[in-house]
Amino acid sequence: MSDKELLVTKINNGTVIDHIPAGRALAVLRVLGINGSEGYRVALVMNVESKKMGRKDIVKISGRTVDEKESNLITLIAPNATINIIKDYDVTRKMKMKIPSVIEGLLKCPNPSCITNNDPEAHTHFFTVSETPLLLKCSYCETIIDEIQVMKQVL
Amino acid sequence: MLRAFLPKHIISSLDLDRREVEHIFEVADEYEKRGRVSKELSGKVVALAFFEPSTRTKNSFESAVERLGASTIGFSSSEGTSTEKGETVADTIRMLEGYSDMIVIRHKFDGTAKFASEVSHVPIINAGDGKHEHPTQSIIDLYTVSKIKGHVDGLNFCVLGDLKYGRAVNSLLRLMTKFRPGKVFLVSPQQLKLREEVKSTLNYPVIETSSLQDVLGDTDVLYVTRIQKERFADEVEFEKVKESYKVDLKAVEMMKSDSIILHPLPRVNEIDRKVDKTPQAKYFYQASLGVQVRMAIIRYLLGGSE
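Residues numbered from 1 in each chain as written. Chains lettered and ligands numbered in written order. Predicted model: local features only at pLDDT ≥ 70, side-chain atom pairs only at ≥ 80, totals over all residues. Heavy atoms only, no water.

1. Structural notes on helix α12 (residues 290–302) of chain B
Helical periodicity: at 3.6 residues per turn, an α-helix aligns residues three or four positions apart in one direction.
All names here are of chain B.
Point 1. Compared with the 18 Å implied by 1.5 Å per residue over 13 residues, the 18 Å span of α12 between its first and last C-alpha is a close match.
Point 2. Burial of α12 is extensive: 13 of the 13 residues sit out of reach of the surface.
Point 3. Phi turns positive one or two residues past the end of α12, at G303, with a value near 65°. (Helix = DSSP H or I, 4+ residues; strand = E, 2+ residues; numbered from the N terminus. Expected span 1.5 Å × (residues − 1). Buried < 20%, exposed > 50% of the residue type's maximum accessible area, 1.4 Å probe, protein only.)

2. Observations concerning the interface of chain B and chain A
Point 1. With 19 residues of chain B in contact, the opposing surface of chain A contributes 16 residues.
Point 2. When chain B packs against chain A, close to 1400 Å² is buried across both sides, 50% of that on carbon and sulfur atoms.
Point 3. Viewed at the interface, chain A and chain B are joined by 2 salt bridges.
Point 4. Between R94 of chain B and E121 of chain A there is a salt bridge, and its shortest N-O distance comes to 2.8 Å.
Point 5. Viewed at the interface, chain A and chain B are joined by 9 residue pairs in polar contact (both at pLDDT 80 or more).
Point 6. Contributing elements (two or more residues each) for the side of chain B that touches chain A: α3 (89–99) and α4 (112–119) of chain B.
Point 7. Among the residues making up the side of chain B that touches chain A, the classes are represented as 4 nonpolar, 6 polar and 9 charged. (Contact = heavy atoms within 4.5 Å. Buried area = accessible area lost by both parts, 1.4 Å probe. Salt bridge = Lys/Arg side-chain N within 4 Å of Asp/Glu carboxyl O. Polar contact = N/O pair within 3.5 Å; in protein donor to acceptor, adjacent residues only side chain to side chain. Nonpolar A, V, L, I, M, F, W, Y, C, P; charged D, E, K, R; others polar.)

3. Considerations on the packing of helix α1 (residues 18–33) of chain B against α12 of chain B
Residue and element names in this part refer to chain B.
Point 1. Contact geometry of α1 with α12 gives a least axis separation of 8 Å together with a crossing angle of 120°. With respect to each other, α1 and α12 are oriented oblique. By crossing handedness, the relation of α1 to α12 is classed as right-handed. Contact residues: E20, H23, I24, V27, A28, Y31 and E32 in α1; Q292, V293, M295, A296, I297, R299 and Y300 in α12. (Axes fitted to C-alpha atoms, helices over the stretch in contact; angles between N-to-C directions. Parallel < 35°, antiparallel > 145°, perpendicular 65-115°, else oblique. Left-handed = near helix turned anticlockwise from the far one by under 90°.)

4. A closer look at the UniProt feature "domain: Aspartate carbamoyltransferase regulatory subunit C-terminal" (unreviewed entry) in chain A
Point 1. Per the UniProt record, "domain: Aspartate carbamoyltransferase regulatory subunit C-terminal" (unreviewed entry) is found at residues 103–148 of chain A.
Point 2. In this annotation, residues 103–148 of chain A is assigned 4% helix and 33% strand; the end-to-end C-alpha distance for the span is 16 Å. (UniProt positions renumbered as here; feature names shortened; annotations may be inferred.)

5. Quick notes on the domain arrangement of chain B
Residue and element names in this part refer to chain B.
Point 1. When the domains of chain B are assigned, the result is domain 1 (9–133 + 289–303) and domain 2 (135–287).
Point 2. Using only C-alpha atoms to locate each centre, domain 1 and domain 2 end up separated by 24 Å.
Point 3. Taken residue by residue, the interface counts 35 residues in domain 1 and 33 residues in domain 2.
Point 4. For domain 1, the biggest contributors to the area lost against domain 2 are R18, K131 and L289; these three give 26% of the whole. (Domains from an automatic or database assignment.)

6. Points about the UniProt feature "binding site: Zn(2+)" (unreviewed entry) in chain A
Point 1. Residues annotated by UniProt as "binding site: Zn(2+)" (unreviewed entry) correspond here to C109, C114, C138 and C141 of chain A. Look at the named residues: they lie 33 residues apart in sequence, but the longest C-alpha span between them is just 8.9 Å, so in the fold they bunch up.
Point 2. You can see C114 of chain A is positioned in the loop between β6 (102–104) and β7 (125–130).
Point 3. With relative accessibility at 0%, the residue C114 of chain A sits in the buried group.
Point 4. The residues touching C114 of chain A, leaving out its near neighbours within four places in the chain, are C109, C138, Y140 and C141 of chain A together with D110 of chain B.
Point 5. By secondary structure assignment, the location of C141 of chain A is in the loop between β8 (135–138) and β9 (144–146).
Point 6. The exposure class assigned to C141 of chain A is buried, which follows from its relative accessible area of 3%.

7. Comments concerning α3 of chain B
Residue and element names in this part refer to chain B.
Point 1. Among the residues of α3, V89, A90, T92, I93, L96 and E97 are the ones counted as buried. One face of α3 carries all of its buried residues, which in axial projection span an arc of 155°. Along α3, the residues that are exposed and aim more than 90 degrees away from the buried face are G98 and Y99.
Point 2. Where α3 is buried, its residues meet β1 (45–50), β2 (71–75), β3 (102–107) and α4. (Arc of directions from axis to C-beta.)

This is how it looks when you write it as structure tokens:
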């Protein structure tokens, strides 16, 4: 059993998100809308050794399955993460992620004069204009945000 | 009539293709020949939702609607409306769509027209949203060029002034993607350069410079814009750039004899009043074409008889 596995026990049912860049596990939880009050048993391992990444984070969520839309949103902050759906201690599905073409609601437009910052019914809606480097465009005012701005908002 | 290409809304210049723009030009020509009066939209109601004050845009839309035989409802500013009581834009649009066949909207916030189009079941025309777009102004601009020069393709344009916050500039440069302009010079102070999100939508090369003198002799259409105080969050920044450029008689002398000067108006000091009497000055003629062009746009969206 490796040091990594010793830190957290296996989960029965739920989701394991591996290969998260070191320090971004909390941001992954934020993308998933998990703040602890929902009652899920959540295990976070941060800054563990990784052959591929040097250091990485891992998140295990017991009793909560991550869907495809959520897994795509995770790519905004953890492009190389792997998402495993667990049932009865076995991996039943490995999610293939792709950067979503549209990101609704999650991010705030940095333009203070955008309608989304000034009308309670106008929710943000960003289009992906480039995956590498990550560039997202507000569909209302066309302001472009990059990975650094996304990270600032999510972290 | 190009009903097969009928767009439901006009939010951006990019919402129209070249055939549609040229169709609007042709219909505007017809209205000019007829004396700009037609009653083909009798019985229709157009809502003018001007959340931000406007003189010429609102009046020219109002005139266009009335000359088409339709009537208007609406307001000229947020003052005295339910918006002041906290009503959302979405609720105002829901109310107006119940009372009208089309909504013309102006608002100080970027993206409001698009947001309105997502709520509305009747066509929305963007009459200016923040620093974002003003597509009907750009149709008037290129119609003016087409009327005077006979064509748009191949002409060299120089767009001067506030390219960062100027919504008329954004829409004009985007409408030009439907044509094949020659050289397009963008002349502005460094702080007011064209925003990347607009530049990235252009399909022709642009030449950015801060020297007007260098490009005037090679310009067919000089499009001058006001440096807009109301778009600056910081007054100190405005003071630094407010009089960066002035088109005066000396500048006109450097231009070709058949070149033209346009301006979406209102003008403050960026064009010397002495220039008004030169043959190049076409901005008041440009403004006069606003009614027939807006008649053609409204007719196109509401689908009046041939």
